Amino acid sequence: MTATVGRAVTRLAVRQVRRGAFIVLTLTVGMSVLVVATYASTIAEGGGAEALAALAGNPAIRTLFGEPAALDTAGGFTVWRTGVVLAVLLSVWGTLVTTRVTRGEEEAGRWDLLLAGRLSRPALLGRHLAVLTAAMVLTGVTLAAALTAAGTPGRGAVVHAAGLTSAGVVAVAVAALAAQVFPTRSGATGAAVAFLGVGLMARMVGDGVTALGWLRWLPPYGPLALLHPYRDDRWAPLIVPALTATALALAALALAGRRDARDGLLAPAAGRPPRLRLLRSLDAFAVRRLLRPLAGWSAAVGTYFLLIGMLAESLTGFLADNPRFADLAAQAGFGGLGTVRGYAATLFALLAVPVGAFTAVRLAALAAAETSGRLTLLHAGPVTRTRLLGAEILTTAAGAAILTTVAAAATWLGTALVGANLPLPAALAGTWNALPVALLSLAAAALAHGRAPHGVVAWGMVPTAGGFLLMVLADSIHAPGWVSALSPYRHLAAVPRTAPDWPALAVMGAVAVAAVTAGLYAYRRRDLRP
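So, a few notes on the structure that sits alongside this text. (Residues numbered from 1 in each chain as written. Predicted model: local features only at pLDDT ≥ 70, side-chain atom pairs only at ≥ 80, totals over all residues. Heavy atoms only, no water.)

### Considerations on unusual backbone geometry
Put simply, the rule reads: Numbering of helices and strands starts at the N terminus; helices are DSSP runs of H or I of at least 4 residues and strands are runs of E of at least 2.
A cis amide bond links Pro-219 with the next residue in sequence, Pro-220, at an omega value of 5°. In this structure, Pro-220 sits in the loop between helix 8 (185-208) and helix 9 (239-256). Cis peptide bonds are those with omega within 30 degrees of zero, and the linkage from Val-495 to Pro-496 qualifies with 15°. With respect to the helices, strands and loops of the structure, Pro-496 is situated in the loop between helix 21 (481-484) and helix 22 (502-525).

### A few points about the nonpolar core
Put simply, the test is: Each nonpolar core is a collection of buried residues, namely Ala, Val, Leu, Ile, Met, Phe, Trp, Tyr and Cys, held together in the definition by side-chain atoms within 4.5 Å. Using a 1.4 Å probe on the protein chains alone, a residue whose accessible area is under 20% of its type maximum counts as buried, one over 50% counts as exposed, and one in between counts as partly exposed. Here, two residues are considered to be in contact whenever any of their heavy atoms come within 4.5 Å of each other.
Counting residues in hydrophobic clusters, the biggest one holds 89 residues, and the most contacted among them are Leu-64, Trp-93, Leu-164, Phe-305 and Tyr-343. Looking at this core element by element, the count peaks at 13 residues for helix 7 (residues 154-181). Setting aside chain neighbours within four positions, we find Leu-64 in contact with Tyr-304, Ile-308, Leu-311, Leu-315, Tyr-343 and Leu-347. Ranked by size, the runner-up nonpolar core spans 32 residues in total, among them Leu-363, Leu-388, Ala-391 and Leu-442.

### Focus: empty space enclosed by the protein
In plain terms, the rule: Here a cavity is any set of points on a 1 Å grid over the protein atoms alone where a 1.4 Å probe fits but cannot get out, and a pocket is any open set with protein on both sides within 12 Å along at least 5 of 7 lines; a residue lines the site when it has an atom within 4 Å of a point. Grid points are joined across faces, edges and corners, and a volume is the space filled by probe spheres set on the points. Side-chain classes are defined by residue name, with Ala, Val, Leu, Ile, Met, Phe, Trp, Tyr, Cys and Pro counting as nonpolar, Asp, Glu, Lys and Arg as charged, and the others, Gly among them, as polar.
In the structure shown here, the tally under the stated rule is two cavities of 30 Å³ or more. Each pocket or cavity is described by its volume, and for the largest cavity that value is around 210 Å³. Forming the walls of the largest cavity are 19 residues, and the residues nearest its centre are Val-79, Arg-203, Leu-224, Ala-225 and Pro-229. Every element with two or more residues in the lining of the largest cavity is listed here: helix 4 (74-107) and helix 7. The greatest single-element share of the lining of the largest cavity, amounting to five residues, is contributed by helix 4. What lines the second largest cavity is Leu-282, Phe-285, Ala-286, Arg-289, Leu-366, Leu-375, Leu-388, Ala-391 and Glu-392. Among the secondary structure elements, those contributing two or more residues to the lining of the second largest cavity are helix 10 (282-310) and helix 16 (385-418). Per-element accounting of the lining of the second largest cavity gives the leading share, four residues, to helix 10. When its residues are assigned to classes, the lining of the second largest cavity shows seven nonpolar, no polar and two charged.

### Considering the layout of surface pockets
Counted as a void, the second largest pocket has a volume near 220 Å³. Listing elements by their share of the lining of the second largest pocket, those giving two or more residues are helix 18 (435-451), helix 20 (462-476) and helix 22. When residues of the lining of the second largest pocket are assigned to their parent elements, the largest contribution, five residues, is made by helix 22. When its residues are assigned to classes, the lining of the second largest pocket shows 12 nonpolar, one polar and no charged.

### Notes on helix 16
Selection rule: Helices are assigned an expected span. That span is 1.5 Å times one less than the residue count.
Helix length check: helix 16 (34 residues) gives 50 Å between terminal C-alpha atoms against 50 Å at 1.5 Å per residue, within 8%. Phi for Gly-419, located one or two positions after helix 16, is positive at around 80°.

### Here we look at helix 14 (residues 352-371)
Under the 1.5 Å per step criterion, the end-to-end length of helix 14 is 28 Å for 20 residues, consistent within 8% with the ideal 28 Å. Most of helix 14 is tucked away, with 16 of its 20 residues classed as buried. With its phi angle positive at about 90°, Gly-373 sits one or two positions after the end of helix 14.

### Re the packing of aromatic side chains
Note the following rule: Note on ring pairs: Phe, Tyr and Trp rings are taken, using the six-membered ring of Trp, and paired if centres are within 6.5 Å. Classes follow the plane angle, with under 30 degrees stacked, over 60 edge-to-face and the rest tilted.
Overall, the coordinates contain five aromatic pairs when judged by the stated rule. For the pair Phe-77 and Trp-80, a centre-to-centre distance of 6.3 Å together with 50° between the ring planes defines the contact as tilted. Of this pair, Phe-77 and Trp-80 both sit in helix 4, separated by three residues, roughly a single helical turn. Phe-77 gets classed as buried once you look at its relative accessible area, which sits at 2%. Plain terms: the ring middles of Phe-305 and Phe-348 are 6.1 Å apart, the flat faces sit at 35° to each other, and that makes the pair tilted. With Phe-305 in helix 10 and Phe-348 in helix 13 (residues 340-350), the pair connects residues that are 43 residues apart, well separated along the chain.

### As for the environment of Ala-179
Tracing the backbone shows Ala-179 in helix 7. A residue is classified by how much of its surface remains accessible, and Ala-179, at 1% relative accessible area, is buried. C-alpha of Ala-179 to C-alpha of Gly-83: the two residues are 96 residues apart in sequence and 28 Å apart in space. Not counting the four nearest positions on each side in its chain, Ala-179 is found in contact with Thr-102, Arg-103, Ala-188 and Arg-259.

### Things to note about the environment of Gly-455
Structurally, Gly-455 is set in the loop between helix 18 and helix 19 (456-460). Assessed through its relative accessible area of 17%, Gly-455 is described here as buried.

### Quick notes on the pattern of salt bridges
Convention followed: Any carboxyl oxygen of Asp or Glu that lies within 4 Å of a side-chain nitrogen of Lys or Arg is treated as forming a salt bridge with it.
Across all of its chains, the model carries 11 salt bridges by this definition. Among the ionic pairs, Arg-234 bridges to Asp-232, the shortest N-O distance being 3.6 Å. A relative accessible area of 36% places Arg-234 in the partly exposed class. The class of Asp-232 is partly exposed, set by a relative accessible area of 35%. Close ionic contact of Arg-289 with Glu-392 constitutes a salt bridge, the shortest N to O distance being 2.9 Å. With Arg-289 in helix 10 and Glu-392 in helix 16, this residue pair connects regions lying 103 residues apart in the sequence. Side by side, Arg-289 and Glu-392 carry an identical accessibility label, which is buried. Here the salt bridges share partners, and the residues they tie into one network are Glu-106, Arg-121 and Arg-259.

### Topic: a nonpolar patch on the surface
Filter applied, for reference: Residues enter patches when their relative accessible area tops 30% and they take part in no salt bridge; the joining distance is 9 Å for like charges and 5 Å for the nonpolar side chains Val, Leu, Ile, Met, Phe, Trp and Tyr. Using a 1.4 Å probe, the Shrake-Rupley method yields the accessible areas, and only the shown protein chains count as cover for residues.
Side chains of Met-310, Trp-412, Leu-413, Leu-417, Val-418 and Leu-424 sit close together on the surface and give an oily, nonpolar patch of about 490 Å² of accessible area. No other element matches helix 16, which puts four residues into the nonpolar patch. Structurally, Met-310 is set in helix 10. The class of Met-310 is partly exposed, set by a relative accessible area of 38%.

### Focus on the side chain of Arg-121
Among the secondary structure elements, Arg-121 is positioned in helix 6 (residues 121-149). Aside from chain neighbours lying at most four places away, what touches Arg-121 is Glu-106, Leu-115, Ala-256, Arg-259, Asp-260 and Ala-261.

### Some words on the packing of helix 14 against helix 16
Heads up, the rule is: Only the contacting stretch of a helix is used when fitting its axis, a line to C-alpha atoms as for every element, and angles between N-to-C directions run 0 to 180 degrees. Working rule for angles: under 35 degrees goes down as roughly parallel, over 145 as roughly antiparallel, 65 to 115 as roughly perpendicular, anything else as oblique. Handedness of a crossing follows from how the near helix is turned relative to the far one, being left-handed for an anticlockwise turn of less than a right angle and right-handed for a clockwise one.
Viewed as axis vectors pointing N to C, helix 14 and helix 16 meet at an angle of 155°, and their least axial separation amounts to 10 Å. In terms of axis orientation, helix 14 runs roughly antiparallel to helix 16. The handedness of the crossing between helix 14 and helix 16 comes out as right-handed. In contact with Val-355, Phe-358, Thr-359, Arg-362, Leu-363 and Leu-366 of helix 14, helix 16 contributes Leu-389, Glu-392, Ile-393, Thr-396, Gly-399, Ala-400, Leu-403 and Thr-404.

Below is the structure:
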């Protein structure tokens, strides 16, 4: 009987993650194979690989894009071009889905019947961990097979795929442990994402500063820089993420048996005085819910763009002295890096991705609060759904504006520290230019909240992350112009290097308003989620 129940739980876990796993697998394999297929026409001809190797020797380039290895091969260039991006994609998805199917399901009460049966809490968690780990391994195996079939050496393909798999597995284990410590899904997700952010910063600093190269041993991303696929094909660095994932998973399983159902090890303090600030209106309540997450996101975005600003002088000075390298960087997808304003404009456009993620995660938190029953009293009172969701949307939009301002201030400070010429008004213009794209993510998340509340994050990331991937893919395969025109990034001017494209920004704003209106209407008409 226990074995039958266990198999049923495993099938449930597979059902919960299969759609997202398929999307992540498709993106991982598709991006990698596409870069391999276009390597010969974009880089290999005309000695581009040798010039790129010299370009990548610059500390700023290594910090931003990682240490290069074997750029004279299609596989090595693919690792350099997509390795960090795909590692972040796998690990972030692993974090979000793990906290959703573990802490999120338990917090909503959907694990109560499962835990009332024959399976213990560690056994239930173990089944989900096994499914999520299998999803990461399947992605790695498929990637290795696809890269080998595309013509890259099999050993390098396996090493690269194993590295990406290890990053995803570590993220799953971290999220599972956080789900045992924190009593809410949002708290567990925040802690796990913070771990990933620290790991990414450690790798960036280790890649750029030789004296701090030891930071690259820190998981989940650091050891990937030490593998050198398609050149050295090292296996030893994978021991670190393997041991880390094993230790974290065992700790999660052990802690799962030491706590009560729906509780975390960190329980709110009992007997504390009531905290009544920002509880007098819906708008104030939305602000209260936003403050703590906004502080964490601001710290992460500010730290990253401070580093971006401090690298401006080194990178732009190198490219100004070597215009051939600037041309090759543009062919590799990093155009406009030859001047401080062009460098800032290129990276400011990417700011829409984290800010869009912030907006989607905030509306997903509202959907989770509804599902778990925490909004029942509000819904039972004289408060309309339109008013509730509208307050959350307006507050989240304000938070997105604050994040873009923080990024501008941090970039300006970084450039000022190294003597680069980027005035604060120019930095503000560049970051605010990307805000309409991020608001498209907010609008898509609002529409999903009204029609498909379980898919708020996925749909919310379509305009930002999906739009960026669409633009890169369209450029790589030389797709018709109308294909890349579907991406909002194609209509962003390179601010502060050039003036904003006001008509395009106005169209994005109108689309966002229309989507938000449709989301409010759909939310008012659908049933509440139990």
